[in-house]
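Topology and contacts: notes
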Amino acid sequence: MAQQKFPEGFYWGAATASYQVEGGIENCDWAKAAREGKVPVCGAACEHYTRYEQDFDIAKSLGHNCHRLSVEWARIEPEEGKFDEREIEHYREVLRALRERGLEPFITLWHFTLPLWFSESGGFERKDAPTIFARYCAYVVERLGEQCAHYATINEPLSFTSNGWRRGTWPPFERWPLIKYAGVSSHTNILGMRPPARGKNVLRYFSVLKTLTRAHNAAHDAIKMIAPQAEVGIVHQILFFHANNNPLNQFLAWFMNWHWTYSFMDKVVEKCDVIGVNYYLHNKFGDTAVYDKTDMGWDVYPEGLEEALLMLARYNKPLYVSEAGVADAKDRIRGDYITRLVAAMGRALARGADVRGFMYWSLLDNYEWAFGFMKRFGLVEIDYETQKRTIRASAFVYKKIIEQNGMLE
Ligand code: BGC
């Protein structure tokens, strides 16, 4: 395997998201959908809201020097325009706990779940959604002040829109007709949600996407007004489309990369100081190769991270791998998968991508959206009965890579 040393000061860590780990969030669209039996119940999750110090102790013991987390919009703005200062204080404590342990915080302001008042009144189909979102983002950054330097506005706008308005597996459960012929399947719903398909959802999908570009741009400007020094970016999941030599397949791959990545990123990139790259999936048209599968049923193909990073390197912004990881309950392939991810990242660096950090998804096993708790991405195993944390062997493989700043054996 190629030897690759990463730049000094490279960030190594792991990521989580508030709803997936904190527990006790009941006033958001996902909790409501769970009460209606449309998605699995999240409930106490990993109780990370109260156990964060213990969890950050583990991250520190594993050599991490950064951590990506999200703050929960529904906690901070439980009613429209009314902000809860106690929740801000909670997140201040969380940031303090990270800093005390030498973990640089990276905050995502919104990671999929919406406050109920917002989703019930139309969510990102509201005309004033960009203003509402920008107001919330600016409030958080202003209150958290000097304690965090790195912010992402939106996590994976395309996954949010695609699962919510195209495939109908996530709130608000809207589906396109004939979607099985037009969708890349990443997140199914174990409860079998199959809402009726409606033609107008095609328009709604594109309209929400457009609103999200405006929401990001407005949030960026609002944050910069009050905290010009803050680093503001967006987190995009690359679905890496490639093809065999067949020209039709190559056209399909080009078109899908344009739709999924460039047509969106082109509209927000001017308002990005940095870009967060999430990578899990590739789709090679005309491929005959047989891949090992993760517990999600996804191809084991960590090598795709190299091209994923190069796809975004064209924007000449610093990049972070804000998520990449594998569902692997038995910890059969995770160590090797991480090693191959780091090698792929090293190759992207060597080819000119300005990569500044890597955050494995996830620090902890957690609520994997419409799959519930059955999929296990964690470096740390969670026993949901007892909340016991057990560090998996692969976490030590990652620790060794970190200690060598990316040098692989
Ligand atoms: C999301 C995470 C999710 C992970 C694994 C990403 O799309 O940001 O919330 O758990 O993928 O599916």
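Residues numbered from 1 in each chain as written. Predicted model: local features only at pLDDT ≥ 70, side-chain atom pairs only at ≥ 80, totals over all residues. Heavy atoms only, no water.

Examining unusual backbone geometry
Pro171 connects to Pro172 through a cis peptide bond whose omega is 5 degrees. A cis geometry characterises the amide bond from Trp361 onward to Ser362, with omega recorded as 10 degrees. Structurally, Ser362 is set in the loop between β8 (355-361) and β9 (380-383). Phi is positive for Glu47, close to 50 degrees, though the residue is something other than glycine. Within the secondary structure layout, Glu47 lies in the loop between α2 (29-35) and α3 (48-61). On the basis of relative accessibility, which here comes to 27%, the residue Glu47 falls in the partly exposed class. In the Ramachandran plot, Asn405 falls in the positive-phi region, its phi being about 40 degrees despite a non-glycine side chain. For Asn405, the location among the structural elements is in the segment after α13 (393-403). The exposure class assigned to Asn405 is buried, which follows from its relative accessible area of 13%. (Helix = DSSP H or I, 4+ residues; strand = E, 2+ residues; numbered from the N terminus. Buried < 20%, exposed > 50% of the residue type's maximum accessible area, 1.4 Å probe, protein only.)

Some details on a nonpolar patch on the surface
On the surface, Leu248, Phe251, Leu252, Trp254, Phe255 and Trp258 cluster together to form a nonpolar patch covering roughly 640 Å² of accessible area. With respect to the helices and strands, the residue Leu248 is situated in helix α10 (residues 247-268). (Patch = residues over 30% accessible without salt bridge, like charges linked within 9 Å, V, L, I, M, F, W, Y side chains within 5 Å. Areas by Shrake-Rupley, 256 points an atom, 1.4 Å probe, with all protein chains shown as cover. Salt bridge = Lys/Arg side-chain N within 4 Å of Asp/Glu carboxyl O.)

A closer look at the site of the ligand
As a structural note, the neighbourhood of the ligand is formed by 15 residues, with Gln20, His111, Glu156, Glu323 and Glu368 the closest of them. Here an oxygen atom of the ligand sits 2.6 Å away from a polar atom, N or O, in the side chain of Glu156. Contact between the ligand and Trp369: an oxygen atom at 2.9 Å from a side-chain N or O atom of the residue. Relative to its unbound accessible surface of 300 Å², the ligand loses 100% to contact with the protein. When its residues are assigned to classes, the shell around the ligand shows six nonpolar, six polar and three charged. (Near = heavy atom within 4 Å. Polar contact = N/O pair within 3.5 Å; in protein donor to acceptor, adjacent residues only side chain to side chain. Nonpolar A, V, L, I, M, F, W, Y, C, P; charged D, E, K, R; others polar.)

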